[in-house]
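# Observations on the model geometry
The primary structure of each chain is shown beneath.
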Amino acid sequence: MSQLEVSPLRRPRRLRQSPAIRDLVREHDFSLNDLVHPIFIEEGIDEPKDVSAMPGIVRYPEAMVEAEIKELAALGVRYVMPFGISRHKDELGSDTWNDEGLLARMIRTIKQACPEMVVIPDICFCEYTSHGHCGVVEDGHVCNDATVENLVKQSVAAARAGADMLAPSAMMDGQVRAIREGLDAAGFEQVAILAHSAKFSSAFYGPFRTAVDSELKGDRKGYQLDIANGRQALVEALLDEDEGADILMVKPGTPYLDVLANLRQRTDLPLASYQVGGEYAGIKYAAMAGALDEQQVVFETLVGFKRAGADLIVSYYTKQVAEWLAGK
């Protein structure tokens, strides 16, 4: 038998034989234009506090926010998602709709430090309530409609403070429509909504609870998605699209890439994925133990989100990615 007869007609390896050719046919990649950086800001402290469950992540005092935002901007980071750790928690999380409360102050500080920075605050209550739930608790349950009313108040306050986009994450029925109508009625038609549309009741949020000092009484399974229900996640996301969301998010990221990919086939809206605290911590601790090459693994996960259909990614690795890309 001749060499010609046994030689493959198609040789996919031809397109992998050199870095230049691999770059030529690369289907997906990421840049800093795709990444949103979450930042934790705590009132009443004077020095940064390490987040024990997330090595490399800190809570910033308000006095240091300006310097941190300018450093992020200098690295090329263009989008931030601030989370507040409030000293004024109550049953409702009412500090969130106070024009002089922590949420409003954070937004104003960021915009004053760097007007071109796109500020996308989390719109929820778990960081601001004494019980740690994402809304109004009545008879041991989170009351949907009362929570939605308060989400609208919080959203309008955030818009007044200068937010460019809002990221409602409470998973209340009808929240996106109510927020959209509330913003429009208040004259904030230009403020966009990045909806946490498919937010699962996940164990991967554990490090975040440490980061925002949220002591939960009970669980969130009555309003966040069941981890087993992919079709229900699509229902939730498409409802948010109908209600006026501008971007739809799947959260967490890595365990739910199937949901993200399926949603990509059902909508033309931009999609977001959130690489949450547990995903960050898993990579970070494995890298610290010498089990993984941290940079390569992070880059691989970001490409994976893009391949599955994400247009943007919220990741605690954003600042470190910016430093890696800058050669630092």
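Described in the following lines is the structure provided in the data block. (Residues numbered from 1 in each chain as written. Predicted model: local features only at pLDDT ≥ 70, side-chain atom pairs only at ≥ 80, totals over all residues. Heavy atoms only, no water.)

Okay, the overall build of the protein next. In terms of regular secondary structure, the protein is built from 12 helices and 13 strands. Its C-alpha atoms give the protein a radius of gyration of 21 Å, within 12% of the compact-globule value 20 Å for 328 residues. Viewed in the frame of its principal axes, the protein has a C-alpha envelope of about 80 × 40 × 40 Å. Expressed as a percentage of its 328 residues, the buried residues of the protein come to 55%. Once local pairs closer than 6 in sequence are excluded, the contacts in the protein between residues at least 24 apart make up 75%. Total accessible area computed for the protein in this model is approximately 15,100 Å², and 49% of it derives from carbon and sulfur atoms. (Helix = DSSP H or I, 4+ residues; strand = E, 2+ residues; numbered from the N terminus. Rg over C-alpha atoms; globule rule 2.2 N^0.38 Å. Buried < 20%, exposed > 50% of the residue type's maximum accessible area, 1.4 Å probe, protein only. Contact = heavy atoms within 4.5 Å. Areas by Shrake-Rupley, 256 points an atom, 1.4 Å probe, with all protein chains shown as cover.)

For the rest of this paragraph, the subject is the packing of aromatic side chains. Enumeration according to the criterion identifies 12 aromatic pairs in this entry. Each ring, one from Phe40 and one from Phe83, has its centre 5.7 Å from the other, and the planes form 40°; the classification is tilted. Of the two residues, Phe40 sits in strand β1 (residues 35–42) while Phe83 sits in strand β4 (residues 79–85), which places them 43 residues apart along the sequence. The burial state of Phe40 is the same as that of Phe83; both residues are buried. With a centroid separation of 6.3 Å and 85° between ring planes, the pair formed by Trp97 and Phe125 is classed as edge-to-face. Residue Trp97 is found in the loop between β4 and α4 (102–113), and its partner Phe125 is found in the loop between β6 (122–123) and β7 (136–138); the two are separated by 28 residues along the sequence. Looking at Phe125, the relative accessible area reads 1%, which means it is buried. Aromatic rings pair up to connect Phe30, Phe40, Phe83, Phe208, Tyr274, Tyr280, Phe299, Tyr316, Tyr317 and Trp324 into one cluster. A cation sits over an aromatic face here: Lys199 above Tyr205, 5.9 Å from the ring centre. Positioned over the ring face of Phe208 is Lys251, at 5.9 Å from the centre of the ring. (Phe/Tyr/Trp six-rings, centres within 6.5 Å; stacked < 30°, edge-to-face > 60°. Lys NZ or Arg CZ within 6 Å of the ring centre and 35° of its normal.)

With that settled, the discussion passes to the pattern of salt bridges. In this structure the tally under the stated criterion is 18 salt bridges. Of the charged contacts, one joins Glu294 and Lys284 as a salt bridge, the two residues approaching to 2.7 Å between their closest N and O atoms. Of the two residues, Glu294 is situated in helix α11 (residues 294–308) and Lys284 in helix α10 (residues 277–288); the sequence distance between them amounts to 10 residues. Both residues of the pair, Glu294 and Lys284, count as buried. Among the ionic contacts, a cluster of salt bridges with common partners joins Glu42, Lys49, Arg59 and Arg87. (Salt bridge = Lys/Arg side-chain N within 4 Å of Asp/Glu carboxyl O.)

Another point: α4. Between its first and last C-alpha atoms α4 spans 16 Å; for 12 residues at 1.5 Å apiece the expected length is 16 Å, and the two agree. The set of residues buried in α4 consists of Leu102, Leu103, Ala104, Met106, Ile107, Ile110, Lys111 and Ala113. Its buried side turned inward, α4 meets β1, α3 (65–75), β4, β5 (118–119), β6 and α5 (144–161). (Expected span 1.5 Å × (residues − 1).)

This part takes up helix α9 (residues 257–264). All of the buried residues in α9 are Val259, Leu260 and Leu263. With its buried residues spanning 100° around the axis, α9 presents them on a single face. Lining the buried residues of α9 we find α8 (230–242), β11 (247–251), β12 (271–275) and α11. (Arc of directions from axis to C-beta.)

On the surface, Arg10, Arg11, Arg13, Arg14 and Arg16 cluster together into a positively charged patch. Within the secondary structure layout, Arg11 lies in the loop between α1 (3–6) and α2 (19–24). (Patch = residues over 30% accessible without salt bridge, like charges linked within 9 Å, V, L, I, M, F, W, Y side chains within 5 Å. Lys, Arg positive; Asp, Glu negative; His and termini not counted. Charge placed at Lys NZ, Arg CZ, Asp CG, Glu CD.)

Taken by themselves, the reported measurements are silent on function.
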